[in-house]
Amino acid sequence: MTLPFSWDLVTGLISFLLTLMILSYLIGDNPAFRIAIYLFIGVSAGYVAAIAWNQVLKPRLFLPLIQGGWTNLLLLVPLILGLLMFAKLSPRLARLGNPSLALIVGVGAAVAVGGAVLGTLFPQTEAAASRFALPLIAEGWPKWLGLLVEALIMLLGTISTLAFFHFSAKSTPRGPQRGKIIDILAGVGQVFVAITFGVLSAGAFAAAMTALIERMYFLVNFLGIFG
Amino acid sequence: MADQRCPMCGKLNPEEQEICLFCEARLKPLIANIPSYPEFDPPVEKKTDQPADQTGQKDMGASKKPISSWLMSLGNKSEEEQDAKAGTFGGNDEYPASDFSPASAVNETDREFREWLAGLRNQTSPEVRPETPISNENENTPIEPEQEIRASSIPEQPLTPAQKPEDESIPEWLSRLGGDSTDQGGGESSTPVSEIAVTEERPLTENISNENIPPWLQVLEPKAEIPTDEEEQLPEWLSQLPSIPAVESTSESSSGFNANTETNNRERQAEAENIDWLAQLKSSLGEKPRGELQDASSIGSEGTPIPVDETESTLPATELPDWLSNLHPEQSEKTSPEAGDQGNLRATDLPSWVQALRPIDSVITYSAPAESDERGEEETSGPLAGLQGVLPSTPWVGNIRKPQAEAVKLQVNNNQQRYAAQLEKMVRGEGQAQAKKTQELNPSRILRLAISVILIAVVLIPIVLGGSTIPELNLYPSEWVMTNQTINEIPAGAPLLLVFDYDPALASELEAAAAPVIQHLVFQGARLALISTNPTGPALGEQFLQATQNAFPEKDLIYTNLGYLAGGPVGITAFANEPTEAAEFTVRGDQAWQTPSLRGVSLLSDFGAVIILTDNADTGRLWIEQTRNKISDTPIVMIISAQAEPMIRPYLDSGQIQGLVTGLVGGKVYEQAYATPGKARLYWDSFGFGILAVEIMIVVGGLWGVIHYVRGRTKVRI
């Protein structure tokens, strides 16, 4: 049986081989697996470099700086700051890259902190408190009771999880120890934390299982071409 | 030819020999630094001693003790040595101070004493009779020891007439000194101490007269009798003698010749001490019979008399050296049997400096030491004669054997031996080439392989066999209603922002979950704009939309790929504030906000909805945090991976997002709800069997762990 040449066939064949090379890790570390890994890292690095040049540096820095007017001279500032970052490669000249790094870290930290406070902390706290805004019992006490229990469990989970990460302790003859109430809440919070980690693990496993299924499906379909 | 006696082995050697033929000891001493012993230094001021000497002279003169032969032998000296002697003791007229160093003092004193004796001899007798022993007035005095001294000590030195004493009051015994001294062998004395002692006294070159004769010498008279043991008493001249021990005789002479004031002081102190112990000795010997030995440690101490040979000539206490005062033939003979351990070499044969090296016991103490056998063998020759437990001084005598090689056994215990063997093994193994270890299957590796085989088999079987074994979902997730409602409320033809922030590794899951949603939106005529903070996002989005287009060719899919958004959270913030500035161009370089997909859109709130596709909880959180405040009523729908659901669901519960589709299950639900089978349905059976297999393995593994733990506890208790 002759197959028509197509680039899809070529890419499919490459994908098939690379998939087998990655799956060969089941028998242990081997050169095939290493080749596939190195190939993936190299291609990813090259693609990222191409994207960074084509979609960031060229259209947003160099072309405006070259083709633009005097108003675009301000672009020299990010250009100089970017070049100073290369000074970090030399131990002697590392100090020259400190201003650029400081700008990146400072702005990034400000954005992250502001977003965390305004986008997560306040809304989540408000949401946890609003759980106790129960409907009227007249609407049905089972529903009301259910919502109340749900709110209490959520409150208990929140407080106990925070107590679990409370590490301040008093010094005693037997060593540093937390208060008894904190200890009890930390124990309960430990249960909630464990449940959360279990859910996270299950989700990761589900995602990996989906990826495996997709690859197996690909292999079967590719082999089906020749069968 | 006069022979000289070896001080070590006691054998006679020719006069010209410097080294003994038998024991190879040095016969003629070398000049050496002799330590000074202040307590035994001779008195400096002869003037002060004169009264005592004069007193002693009176007493000594009355005793009329016979002159010892040893003293006779002290007179032989060459004229050169006598001439060279300018003075003897420092500090007085008779013995002016000199600058002789201790190293040269020995020879100097020796020379002086010889000169002095030679002078005496010349005064008494013009001829020197070398071979004639000095006749002793004291007939009882044995002559042989003194003859030996004479033979080995003073060389022949005939006195010149100028040296003869002018005064006829010179004792007779002194006048006889010259003849005997000439009988002695020529050459230097083998007993440097005796020479030193001789030189100590007086140079023979000086004119001997009453004025020049030292007081102690004037009173020296030969003993009339040799006292018996019962009659032995400390001679008067001896009682007045200063204690000048033999050990320090050389030092005395050296210090005596030294003009150092410190030495003179030491001499004065020694003189006072000597007078004390001599007086004590006199009193004790006067009470005790001759031969009674005293404790060696009491020498010099107050109240301890020292036995003295009564036959010795009376000499002034200030000048008589210790060896000279102790030299007594009778005493030496009598002490030898009493001591028992004094050795064959008598004290008279030893020079004073040698005797000084002895412990006090061997010099003074004559009593047989107790427990002598326990202290080892007694040395019988050499300067250490009489001592016990000493190393042999004549190693050449006797058998010289090679020391026995003794086996050295190291005391080690079992642990140390084990450690040593282990260390040796390790060191030996370093030099040996070791074969490469073959990889062996360990239990964990086998288990991992087994699990992999099971999972692959479980996944492959439904794919290969086909069909649908796993039933459809009967229960929808709680977020399905909200999500469906949100998507249905999006106006038709509204611009939608699609954020493709997931990695290629989980593209299968996200595509399976997003496909029905996007299809739903495409069927509504939505305009799509793609953007990503992941460099691979634009490519993935492009591929996804191409696949969707291919699935629905009748529908024209309108979309704009805004490409990669750099800066992470800062880029998201910038895009949220000014989207036209943050993403100005498309991936093809076109003006993005002029495309049909983004016509009329200038702010983020102009979008009909923001649909975020991500497999990372942090990325989704960033988009929510940065854009929530910028878009007031624009809904946010998140299509996420199953692993990010626990972290993103609170945002759904808090109302910050309005729709949530989670993984393959969410896509399956959407497909089932809209009866649009897709990838979710293809993967559903394998997914179901795989999840079931994993659940079974988890349960079995947990039970095995519990059983193993219980069994371990049981063994510990037993």
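Residues numbered from 1 in each chain as written. Chains lettered and ligands numbered in written order. Predicted model: local features only at pLDDT ≥ 70, side-chain atom pairs only at ≥ 80, totals over all residues. Heavy atoms only, no water.

Draft legend 1. Representation of the overall build of chain A in the model. Of the regular secondary structure elements, chain A holds 6 helices and 2 strands. Counting from the amino terminus, chain A carries its helices and strands in the arrangement α-α-α-α-α-β-β-α. Among the 227 residues that make up chain A, the fraction classed as buried is 22%. Considering only residue pairs separated by 6 or more positions, chain A has 33% of its internal contacts joining residues 24 or more positions apart. Of the roughly 15,400 Å² of accessible surface on chain A, a fraction of 75% belongs to carbon and sulfur atoms. (Helix = DSSP H or I, 4+ residues; strand = E, 2+ residues; numbered from the N terminus. Buried < 20%, exposed > 50% of the residue type's maximum accessible area, 1.4 Å probe, protein only. Contact = heavy atoms within 4.5 Å. Areas by Shrake-Rupley, 256 points an atom, 1.4 Å probe, with all protein chains shown as cover.)

Draft legend 2. Main features of helix α5 (residues 141-164) of chain A. Residue and element names in this part refer to chain A. The first and last C-alpha atoms of α5 sit 33 Å apart over 24 residues, in line with the 34 Å expected at 1.5 Å per residue. For α5, the full list of buried residues reads Leu 148, Ala 151, Gly 157, Ser 160 and Ala 163. Check the buried side of α5 and you find it contacts α6 (180-226). (Expected span 1.5 Å × (residues − 1).)

Draft legend 3. Here's a closer look at the packing of aromatic side chains. Residue and element names in this part refer to chain B. Applying the stated criterion across every chain yields a total of 16 aromatic pairs over all chains. Ring centres of Phe 500 and Phe 544 lie 5.9 Å apart, and the angle between their planes is 55 degrees; on these two criteria the pair is classed as tilted. Taken together, the residues Phe 500 in strand β3 (residues 495-501) and Phe 544 in helix α21 (residues 537-551) connect sequence positions 44 residues apart. Just as Phe 500 is buried, Phe 544 falls in that class too. (Phe/Tyr/Trp six-rings, centres within 6.5 Å; stacked < 30°, edge-to-face > 60°.)

Draft legend 4. Local environment of the interface of chain A and chain B. Taken together, the 38 residues of chain A in the interface contact 48 residues of chain B. Summed over both partners, the interface of chain A with chain B buries about 3,700 Å², with 72% contributed by carbon and sulfur atoms. Counting the surface chain A buries against chain B, the share from its top three residues, Leu 26, Ile 213 and Tyr 217 of chain A, is 15%. The tally of links from chain A across to chain B stands at 0 salt bridges. The interface formed by chain A and chain B contains 11 residue pairs in polar contact (both at pLDDT 80 or more). Elements that contribute at least two residues to the side of chain A that touches chain B include exactly α2 (31-67), α4 (98-130) and α6 of chain A. (Buried area = accessible area lost by both parts, 1.4 Å probe. Salt bridge = Lys/Arg side-chain N within 4 Å of Asp/Glu carboxyl O. Polar contact = N/O pair within 3.5 Å; in protein donor to acceptor, adjacent residues only side chain to side chain.)

Draft legend 5. Expanded view of the sheet that holds strand β6 (residues 609-614) of chain B. All names here are of chain B. Strand order in the open sheet made by the 6 strands is β5-β4-β3-β6-β7-β8, with parallel pairing throughout. A strand with exactly one partner marks an edge of an open sheet, and here the two such strands are β5 (559-564) and β8 (659-662). Neighbour to neighbour, the strand axes of the sheet diverge by 15 degrees on average, direction disregarded. Relative to strand β4 (residues 527-532), β3 is paired through 5 bridges, and the arrangement is parallel. Residue pairing for β4: Pro 495 is matched across the bridge by Arg 527. (Pairing = 2+ DSSP bridges. Axes fitted to C-alpha atoms, helices over the stretch in contact; angles between N-to-C directions.)

Draft legend 6. Quick peek at the confidence of the model for chain B. Residue and element names in this part refer to chain B. The pLDDT averaged across chain B works out to 71; a share of 53% of its residues lies at or above 70. Confidence drops under pLDDT 50 across residues 223-231; counting only partners more than four residues distant or on other chains, this segment forms 38 contacts. Scored below 50 in pLDDT, residues 365-373 shows 23 contacts in the model against residues more than four places distant or in partner chains. Across the assembled chains, the prediction reports ipTM 0.90 with pTM 0.55. (pLDDT = per-residue confidence, 0-100.)

Draft legend 7. Local environment of the pairing of β5 of chain B. Residues and elements named next belong to chain B. Across 4 bridges, the pairing between β4 and β5 is parallel. Residue Leu 528 lies in a different strand from β5, and its bridge partner there is Tyr 559. In this view, the connection linking β4 to its parallel neighbour β5 by way of α21 has right-handed handedness. (Right-handed = clockwise from strand over helix to strand, strands pointing away.)

Draft legend 8. Structural detail: the pairing of β4 of chain B. Residue and element names in this part refer to chain B. In terms of burial, β4 is a largely internal element, 6 of the 6 residues being buried. Side chains Arg 527, Ala 529 and Ile 531 project from β4 onto one buried face, and the interleaved Leu 528, Leu 530 and Ser 532 project onto a second face that is buried too. Handedness of the crossover joining β3 and β4 through helix α20 (residues 507-523) is recorded here as right-handed.

Draft legend 9. Summary view of the pattern of salt bridges. All names here are of chain B. A complete count under the given rule lists 15 salt bridges over all chains for this structure. For Glu 645, the salt bridge goes to Arg 649, with nearest N and O atoms at 2.9 Å. Separated by 4 residues within a single helix, Glu 645 and Arg 649 lie in helix α25 (residues 645-653), roughly one turn from each other. The exposure class of Glu 645 is partly exposed, given its relative accessible area of 22%.

Draft legend 10. Structural context of the side chain of Glu 542 of chain B. Tracing the chain through its elements places Glu 542 of chain B in helix α21. Glu 542 of chain B has contacts with Leu 530, Tyr 559, Asn 561 and Arg 588 of chain B, leaving out every residue within four places of it along the chain.

Draft legend 11. Highlighting α2 of chain A. Within α2 of chain A, the axis deviates most sharply at Leu 57 of chain A, by approximately 55 degrees, and proline Pro 59 of chain A lies no more than four positions further along. On the buried face of α2 of chain A, the contacting elements are α1 (7-23) and α3 (76-85) of chain A together with β5 of chain B. The N-terminus of α2 of chain A is capped by Asn 30 of chain A, whose side-chain oxygen sits 3.1 Å from the backbone nitrogen of Ala 32 of chain A. (Bend = angle between axes of the 7 residues up to and from the residue.)

Draft legend 12. Structural context of the packing of α4 of chain A against helix α22 (residues 569-577) of chain B. At a closest axis distance of 9 Å, the pairing of α4 of chain A and α22 of chain B adopts a crossing angle of 65 degrees. Crossing hand, α4 of chain A versus α22 of chain B: left-handed. Contact with α4 of chain A, carried on its side by Val 107, Gly 108 and Val 111 of chain A, involves Pro 569, Val 570 and Thr 573 of chain B of α22 of chain B and no other residues of that element. Looking at side-chain class alone, the contact of α4 of chain A with α22 of chain B contains 4 nonpolar, 2 polar and no charged residues. (Left-handed = near helix turned anticlockwise from the far one by under 90°. Nonpolar A, V, L, I, M, F, W, Y, C, P; charged D, E, K, R; others polar.)

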